[in-house]
Amino acid sequence: MSNLVLYRKYRPQRFSEIVGQEHVKQTLTNAISWGMVSHAYLFSGPRGSGKTTMARLLAKAVNCQGRGEGHFEPCNQCSSCQEIMAGRAMDLIEIDAASHRGIDEMRELRDGIRFSPTKSKYKVFIIDESHQLSKDAANALLKTLEEPPAHAIFVLATTEIHKMIPTIISRCQRFDFRKLTLPEIVKRLDFLCQAEKAKIEKEALEIIALNSGGSLRDGESLLNQVLTIAENFEGDRVIKAPGIKELLGIIDTKIVGQLVDFISERKGAEAIDFLNKILEKGYGPQQFSQALVKYLRQGLILKIGLDSANPVLSGLTKEEEEKLGHQIKFFEESELRDILKLFLEANNKIKYSPIPQLALELAIMETIGAGE
Ligand SMILES: Nc1ncnc2c1ncn2[C@@H]1O[C@H](COP(=O)(O)OP(=O)(O)OP(=O)(O)O)[C@@H](O)[C@H]1O
Ligand SMILES: [Mg+2]
Ligand SMILES: [Zn+2]
């Protein structure tokens, strides 16, 4: 398993391999089975949640020559499926709007689209990060979407739907992808480990999932790191939870959350005791305090009413976000700002303090005092 990149090796090749996004999967596979596919889709949602994967599966299914009537799964055997899997299909055009903000590409697209697909039923255009198209390019695209030829299917993908022009949105069938939940991520990672014959504790997978922030791409790349490092050790050792945290230098969001629990309950002594126990386990004070500041910032963002679509919150799973949402109810917005400032200052002092965690301890005491 050397040099492998898990997410390349195991990119889902059938709809049944996609975890979560049930609502999208259901509607899309029905449309494929019934032969009622739209000409324009908009996939919005957080990074690493399966937008591009789903778009490619759609392309593969509609052009599959071996797909039986009333079925939606691509056969993965026919030449069209094979070409798409190898990334050399002429009739699947992927445009990354982040790197080509591109009026030229859009013009080309508009001109090229009149030509029928070279050998397949449909020409499928996947436009990634479509919110980044320049104004001219977006207008050119809009024109195309107004009268798409029967042989064309567009899938626009975006992580920032609020930046899309409404006229484009209204021309597409819209699907909102969600952050993947902890069990969904674990399920997929578990599948990958079995495929790789890697022995790993369930709890270890959960830690990885917790640190993926709802993105399977991040989860898979963390697992990749773990497996690569573990490979360097001899024998068929089982990969265990505590080892993983060290390996990845991860501060578990759960741990940070627990400290914030004590703070919100104004339990100063417990908070400091908890902090010391964590640091005794070998976590660096600086590392911990950075994780804490990040977490509090996410709390503040939630408090001022922004929701999970906000990129600052993209590091949290749904469960973590719920917990944080509950915790911030104990604070006024101004209080939260003050706490964040205190811990930010503490973070900056750690490096120069004779006792590194002292700055954190003082911040905890001040925070709790501030609430009285
Ligand atoms: N729902 C999912 N089910 C199974 N695997 C997934 C899922 N989402 C992501 N993955 C895995 O993560 C990788 C990246 O996913 P994908 O490229 O589809 O994400 P994306 O939503 O397009 O992200 P981005 O917005 O960053 O482009 C996939 O190759 C796949 O291995
Ligand atoms: Mg993508
Ligand atoms: Zn096929």
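As the structure is a prediction and not an experimental result, all values here were calculated from the model. Within each chain, residues carry numbers counting from 1 in the order of the written sequence. Going through the entries in the order they are written, you letter the chains from A and number the ligands from 1. Since the coordinates come from a predicted model, pLDDT governs what is reported: local features require at least 70, and pairs of side-chain atoms require 80 or more to be given and counted, while whole-chain, interface and lining totals use all residues. Heavy atoms from the whole structure form the basis of all side-chain values; hydrogens and water molecules are not counted.

Let us now look at the overall build of the protein. A count of helices and strands for the protein gives 17 helices and five strands. Based on the C-alpha atoms only, the size of the protein along its principal axes is roughly 70 × 50 × 35 Å. Each accessible area value is a Shrake-Rupley result obtained with a 1.4 Å probe; residue values ignore everything except the protein chains displayed when judging cover. Here the protein displays about 18700 Å² of accessible surface, and carbon together with sulfur accounts for 51% of that area. Only four residue types enter the tally: Lys and Arg on the positive side, Asp and Glu on the negative side; His and the chain ends are excluded. For the purpose of locating charges, the reference atoms are NZ of Lys, CZ of Arg, CG of Asp and CD of Glu. Of the side-chain charges in the protein, 49 are positive and 50 negative, and the distance between the mean point of each set is 4 Å. Each helix corresponds to a stretch of at least 4 residues labelled H or I by DSSP, and each strand to a stretch of at least 2 residues labelled E; elements are numbered beginning at the N terminus.

Our next topic: the packing of helix 12 (residues 253-264) against helix 14 (residues 285-303). The interhelical angle for the contact between helix 12 and helix 14, taken along N-to-C directions, is 70°, at an axis separation of 10 Å. Classified by the angle their axes make, helix 12 and helix 14 are roughly perpendicular. For the pair formed by helix 12 and helix 14, the contact residues are Thr253, Ile255, Val256, Gly257, Leu259 and Val260 on the first element and Phe288, Ala291, Leu292, Tyr295 and Leu296 on the second. Residues are sorted three ways: Asp, Glu, Lys and Arg are charged, Ala, Val, Leu, Ile, Met, Phe, Trp, Tyr, Cys and Pro are nonpolar, and all the rest, Gly among them, are polar. When the residues that make up the contact of helix 12 with helix 14 are grouped by side-chain class, the tally is nine nonpolar, two polar and no charged. Think of each axis as a best-fit line through the C-alpha atoms, taken over the contacting stretch in the case of a helix, with angles from 0 to 180 degrees between the N-to-C directions. For this classification, under 35 degrees means roughly parallel, over 145 means roughly antiparallel, 65 to 115 means roughly perpendicular, and everything else is oblique. Whether two residues are in contact is decided by their heavy atoms, any of which lying within 4.5 Å being enough.

What follows is about the site of ligand 1. We call a residue near a molecule or strand whenever a single non-hydrogen atom of that residue lies within 4 Å of it. Near ligand 1 there are 20 residues, and of these Val19, Gly48, Lys51, Thr52 and Thr53 occur at the shortest range. In this structure, an oxygen atom belonging to ligand 1 sits 3.1 Å away from a main-chain N or O atom of Ser49. Within the backbone of Gly50, an N or O atom sits 3.0 Å from an oxygen atom of ligand 1. The fraction of the free accessible surface of ligand 1 (630 Å²) that becomes covered by protein chains is 94%. Looking at the shell around ligand 1, the elements that each hand over two or more residues are helix 3 (51-63) and helix 10 (216-231). Partitioned by chemical class, the residues of the shell around ligand 1 number six nonpolar, six polar and eight charged. Distance and chemistry together define a polar contact, namely a pair of N or O atoms within 3.5 Å, with one atom able to donate a hydrogen and the other to accept it when in protein, and with adjacent residues in sequence counting only for side-chain atoms on both sides.

This part takes up the side chain of Ser130. Within the secondary structure, Ser130 is located in the loop between strand 3 (123-128) and helix 6 (135-146). Once residues within four sequence positions are removed from consideration, Ser130 is found in contact with Ala97, Leu156, Ala157, Thr158 and Met164.

What follows concerns the coordination of the zinc ion (ligand 3). Distances from the zinc ion (ligand 3) to its protein donors, Cys64 (SG), Cys75 (SG), Cys78 (SG) and Cys81 (SG), fall at 2.3 to 2.4 Å. In this listing, donors mean N, O and S atoms no farther than 2.8 Å from the metal, or 3.2 Å for Na, K and Ca; water is missing from the atoms, so a site can look incomplete. Sequence spacing of the donors to the zinc ion (ligand 3): C-x10-C-x2-C-x2-C. Remark: exposure states derive from per-residue accessible area (1.4 Å probe, protein chains only) relative to the maximum for the residue type, with buried under 20%, exposed over 50%, and partly exposed in between. Assessed through its relative accessible area of 0%, Cys81 is described here as buried.

Here we come to empty space enclosed by the protein. A cavity here means a set of points on a 1 Å grid, drawn over the protein atoms and nothing else, where a 1.4 Å probe fits but cannot get out; a pocket is an open set with protein on both sides within 12 Å along at least five of seven lines, and a residue lines either one if it has an atom within 4 Å of a point. Grid points are joined across faces, edges and corners, and a volume is the space filled by probe spheres set on the points. For the structure shown, the criterion picks out two cavities of 30 Å³ or more. Volume-wise, the largest cavity comes out at about 60 Å³. In this structure, the largest cavity is lined by Asn63, Ser80, Glu83, Ile84, Ala89, Met90, Asp91, Leu92, Lys119 and Ser120. Counting residues per element, the lining of the largest cavity draws most heavily on helix 4 (residues 79-86), at three residues. When the residues that make up the lining of the largest cavity are grouped by side-chain class, the tally is four nonpolar, three polar and three charged. The space that makes up the second largest cavity amounts to roughly 50 Å³.

Splitting the protein by domain gives domain 1 (21-176), domain 2 (182-248) and domain 3 (253-370). When each unit is reduced to the centre of its C-alpha atoms, the spacing between domain 1 and domain 3 is 42 Å. All domain edges in this entry derive from an automatic or database-based domain assignment.

As a further point, take helix 6. Helix span, expected: 1.5 Å multiplied by one less than the number of residues in the helix. Compared with an ideal rise of 1.5 Å per residue, which puts twelve residues at 16 Å, helix 6 spans 16 Å between its outermost C-alpha atoms and is within 8% of the ideal. For helix 6, every residue scored as buried is listed here: Ala137, Ala138, Ala140, Leu141, Leu142, Thr144 and Leu145.

Moving on: the packing of aromatic side chains. Within 6.5 Å between ring centres, the rings of Phe, Tyr and Trp (the latter by its six-membered ring) count as paired, and their orientation is classed by plane angle as stacked under 30 degrees, edge-to-face over 60, tilted in between. One pass over the structure, following the stated rule, counts seven aromatic pairs. With centroids separated by 5.9 Å and ring planes inclined at 20°, the aromatic side chains of Tyr41 and Phe175 adopt a geometry described as stacked. Residue Tyr41 is found in strand 1 (residues 40-44), and its partner Phe175 is found in strand 5 (residues 173-176); the two are separated by 134 residues along the sequence. Just as Tyr41 is buried, Phe175 falls in that class too. The structure contains a cluster of three or more aromatic residues connected by ring pairs, namely Tyr41, Phe43, Phe175 and Phe177.

What follows covers the nonpolar core. Formed by 38 residues in total, the largest nonpolar core has its most connected members in Leu259, Phe288, Leu292, Leu296, Phe343, Leu360 and Ile364. It is helix 14 that provides the largest number of residues to this core, a total of eight residues. Among all residues touching Leu360, those that are not within four sequence positions of it are Leu275, Pro285, Phe288, Ser289, Phe343, Ala346 and Ile350. In this text, buried Ala, Val, Leu, Ile, Met, Phe, Trp, Tyr and Cys residues form a nonpolar core when linked through side-chain atoms within 4.5 Å. In terms of nonpolar packing, the next biggest core, distinct from the first, is built from 27 residues, Leu182, Ile185, Leu189 and Ile200 among them.

A few words on the packing of helix 12 against helix 15 (residues 318-327). Closest axis-to-axis distance for the helix 12/helix 15 pair is 10 Å, and the angle between their directions is 15°. Relative to helix 15, the element helix 12 lies roughly parallel. For the pair helix 12 and helix 15, the sense of crossing is left-handed. Judged by residue contacts, Thr253, Gly257, Val260, Asp261 and Ser264 of helix 12 engage Glu320, Lys323 and Gln327 from helix 15. Residue composition of the contact of helix 12 with helix 15, grouped by class: one nonpolar, four polar and three charged. By definition, any crossing whose near helix is turned counterclockwise from its far helix by less than a right angle is left-handed, and any crossing with a clockwise turn is right-handed.

Moving on, we come to the side chain of Ser33. Structurally, Ser33 can be placed in helix 2 (residues 22-33). For Ser33, a relative accessible area of 18% translates into the label buried. Setting aside chain neighbours within four positions, we find Ser33 in contact with Gly70, His71 and Phe72.

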